[in-house]
Amino acid sequence: MASEQPETLTAAAAPAEARPEVATTPLAVTTTGSTFRRSTKRRPFRSVVWRRELGKLAGMIAAGTLLGWMFGNTLLGCTVAITLYLGNHLRYLRHLRLWLAAPKQHSFPDTSGIWGEVFEALQALEMRNSRRKKKLAEIVAEFQASTAALPDGAVVLGESGMILWFNRAAQAMLGLRVSHDIGIRVANLIRHPNFTNYIASEIYEGEVEVPSPINRAVSLSLRIIPYGNNQRLMIVRDVSEIRRLETARRDFVSNASHELRTPLTVLRGYLDMLDPETREGRSLAGWKMPISEMRQQSARMESLINDMLKLARLESDAYEHKQELLDASMILNRSVDEGRSMSAGAHRFDVSIQPGLKLFGREVEAQSIFSNLITNAVRYTPPGGSIRVRWWSDAEGAHLSVADSGIGIAEDDIPRLTERFYRVDVGRSRASGGTGLGLSIVKHALERHEGSLRIESELGVGTTFFCDFPPHRAHSEVEPARVARSG
């Protein structure tokens, strides 16, 4: 390169890290595999280069004009000089075009002047671009190496769910092949209705569980996380062992409850036989208190076993009863009567039921929902308090609310209320015959009906439980006028 190149080129050839960052805009010319970017804050060529280029042009025109004058045709001499000057520029343009088309096969000619500055600036841009590509390649290689070591599968999805990349774990879990499945839509490989609906929704809330496409005995949990420019990362986890342990736990609870029922029934039978003998003047009158306490505890154990069996059936996928259109008003009134009987007149009941509002579901589970919420309100409401039950519908579906004026629940305890055997007031719950499984049964029974449970509470004021059922499960036969009962 000629020595008269401007100092600006030295700065342009320096690494990008040595210069302040500036906003960039795409250059109009695109090369094979790379795009040049020119700073919006342009650094003009030094004026000395332009002066020399203009001097060169003026010199050629003057020489051509002089030669033309010597041969008697000044205009021709001037034209020939300008043509030679333009031809030289066209030659350099041809070199530039060849380099842009195949930069690895062609190089720039060694020249000076304005074209020397252009070629040097382009070479500096190419070097910077090459360094950046190398750095990006190292980052991508590190990312692929780290994700390849993950025990969970990772699949990068592009537009329309096309597979762009996956790690070894995903390859093993989903049976993916690099040579065949790159560029294929993931929905074409995982053909399960749950996953099809999940990816079509484009909301990607939570996870979806499907069997592995290569082994139906393996359960996979899939979660899609959007990121970047319309790209998504799908995380694949093998949850087969977790499901196996859950099944084993369910079976253990169910079998143990069944085994406990037989000896408990025998004990209750003998206690019932002994109870008449504890009356005044009978042989076991002195054992009245112990036998009465044993009867109460055996009744509580029987209630606990029944609730455990009911919860195990609700959790079991095999537990299915015929769904039908239920008379929710009748079931709710039956549950309210059960609560009144348990209250023995110690509480005031306000009941508001929308007539003709039916629920599509299973009667046993609906009865469990209504009864557990109402009896729970009775247990935790002091004598003289009120219990309000409401059943209505709107555009969002059917709703049940059970409100009490009881002790209330602390905000920290609300998220744990549906846990098995979790009690806010252990002593009060046990004294009233509670098993600690009522709200767990309500939660699972609601899930069977595609419903959800909401809880609002304030300490010392009371608690309100809301059960929300989706619109397609609510069927109203009359206009939504309410029927209220109190007492």
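Scroll up for the structure.
Note that this is a predicted model, so its numbers are computed, not measured.

### Some thoughts on the overall build of the protein chain
- For the protein chain, the count of helices and strands is 13 helices and 16 strands.
- Counting all 487 residues of the protein chain, 37% fall into the buried class.
- At a minimum sequence separation of 6, the contacts of the protein chain that also span at least 24 residues come to 61%.
- Roughly 28,400 Å² of accessible area belongs to the protein chain as shown, and the carbon and sulfur atoms make up 56% of that amount.

### Observations concerning the sheet that holds strand β7 (residues 231–238)
- Spatially, β4-β3-β7-β6-β5 is the arrangement adopted by the five strands of the open sheet, whose pairing is antiparallel. What marks the edges here is a single partner per strand, and that holds for β4 (163–166) and β5 (208–211). For this sheet the average axis-to-axis angle between neighbouring strands, irrespective of direction, equals 30°.
- Strand direction decides the pairing type here: strand β3 (residues 153–157) and β4, joined by three bridges, are antiparallel. Following the sheet pairing, leucine 157 is matched in β4 by isoleucine 163.

### What about the sheet that holds strand β8 (residues 324–326)?
- Pairing within the open sheet is antiparallel, and its three strands lie in the order β8-β10-β15. Both outer strands of the open sheet, β8 and β15 (474–476), are each paired with one neighbouring strand and no more. Taken over all neighbouring pairs, the strand axes of this sheet differ in orientation by 35° on average, direction set aside.
- Two strands pair when backbone bridges link them, and strand β10 (residues 357–361) and β15 are joined in this way by three bridges, in the antiparallel orientation. Looking at the pairing, leucine 359 lines up with alanine 474 of β15.
- In the packing of helix α10 (residues 328–343) onto the sheet, the strands contacted are β8 and β10, and the crossing angle to β10 comes to about 90°.

### What about the side chain of aspartate 404?
- Counting through the fold element by element, aspartate 404 comes out in strand β12 (residues 397–404).
- Although aspartate 404 is buried, it forms no salt bridge, and the closest oppositely charged side chain is arginine 388 at an N-O distance of 7.0 Å.
- Polar side-chain contacts of aspartate 404 include one of 2.9 Å to the backbone nitrogen of glycine 406.
- Beyond its immediate sequence surroundings of up to four residues, aspartate 404 is in contact with Ala377, Thr381, Ser386, Ile387, Arg388, Val461, Gly462 and Thr463.

### Focus on the packing of aromatic side chains
- Tallying each qualifying case throughout the model produces four aromatic pairs.
- Relative to tyrosine 204, the ring of tyrosine 198 has its centre 5.9 Å away and its plane inclined at 65°; by these criteria the two rings are edge-to-face.
- Judged by its relative accessible area of 9%, tyrosine 204 is buried.
- Following the ring pairs from residue to residue traces out a cluster consisting of Phe370, Trp391 and Phe469.
- Of note, arginine 390 hangs over the ring of tryptophan 392, and the distance from its end group to the ring centre comes to 4.0 Å.
- In this structure, arginine 454 packs its charged tip against the face of phenylalanine 466, placed 4.5 Å from the ring centre.

### Looking at the packing of helix α11 (residues 363–379) against helix α13 (residues 438–448)
- Taken N-terminus to C-terminus, the directions of α11 and α13 make an angle of 145°; their axes are 9 Å apart at the nearest point. Remark: the crossing between α11 and α13 carries left-handed chirality. Residues Glu365, Ser368, Ile369, Asn372 and Leu373 of α11 pack against Gly438, Leu439, Ile441, Val442, Ala445, Leu446 and Arg448 of α13.
- Looking at the contact of α11 with α13 residue by residue, the classes come out as seven nonpolar, three polar and two charged.

### Describing the nonpolar core
- Ranked by internal contacts, the top residues of the largest apolar core, which has 39 residues, are Leu332, Ile369, Leu373, Val389, Trp391, Leu400 and Phe469.
- Top element by residues in this core is α11. It accounts for seven residues.
- When neighbours within four sequence positions are excluded, isoleucine 369 is seen to be in contact with Val442, Ala445, Leu446, Cys467 and Phe469.
- Of all hydrophobic cores here, the second largest spans 24 residues; its members include Phe166, Phe195, Leu222 and Met234.

### Re the pattern of salt bridges
- Throughout the structure, instances matching the rule amount to eleven salt bridges.
- Salt-bridge contacts for arginine 473 lead to glutamate 450; the nearest nitrogen and oxygen are separated by 2.9 Å. Taken together, the positions of arginine 473 in the loop between β14 (462–469) and β15 and glutamate 450 in the loop between α13 and β13 (452–458) put the pair 23 residues apart, joining distant regions of the chain.
- When its relative accessible area of 6% is taken as the criterion, arginine 473 is described as buried.

Calculation rules
Residues numbered from 1 in each chain as written. Predicted model: local features only at pLDDT ≥ 70, side-chain atom pairs only at ≥ 80, totals over all residues. Heavy atoms only, no water. Helix = DSSP H or I, 4+ residues; strand = E, 2+ residues; numbered from the N terminus. Buried < 20%, exposed > 50% of the residue type's maximum accessible area, 1.4 Å probe, protein only. Contact = heavy atoms within 4.5 Å. Areas by Shrake-Rupley, 256 points an atom, 1.4 Å probe, with all protein chains shown as cover. Pairing = 2+ DSSP bridges. Axes fitted to C-alpha atoms, helices over the stretch in contact; angles between N-to-C directions. Lys, Arg positive; Asp, Glu negative; His and termini not counted. Salt bridge = Lys/Arg side-chain N within 4 Å of Asp/Glu carboxyl O. Polar contact = N/O pair within 3.5 Å; in protein donor to acceptor, adjacent residues only side chain to side chain. Phe/Tyr/Trp six-rings, centres within 6.5 Å; stacked < 30°, edge-to-face > 60°. Lys NZ or Arg CZ within 6 Å of the ring centre and 35° of its normal. Left-handed = near helix turned anticlockwise from the far one by under 90°. Nonpolar A, V, L, I, M, F, W, Y, C, P; charged D, E, K, R; others polar. Core = buried A, V, L, I, M, F, W, Y, C linked by side-chain atoms within 4.5 Å.

So yeah, pure geometry; function would need other evidence.
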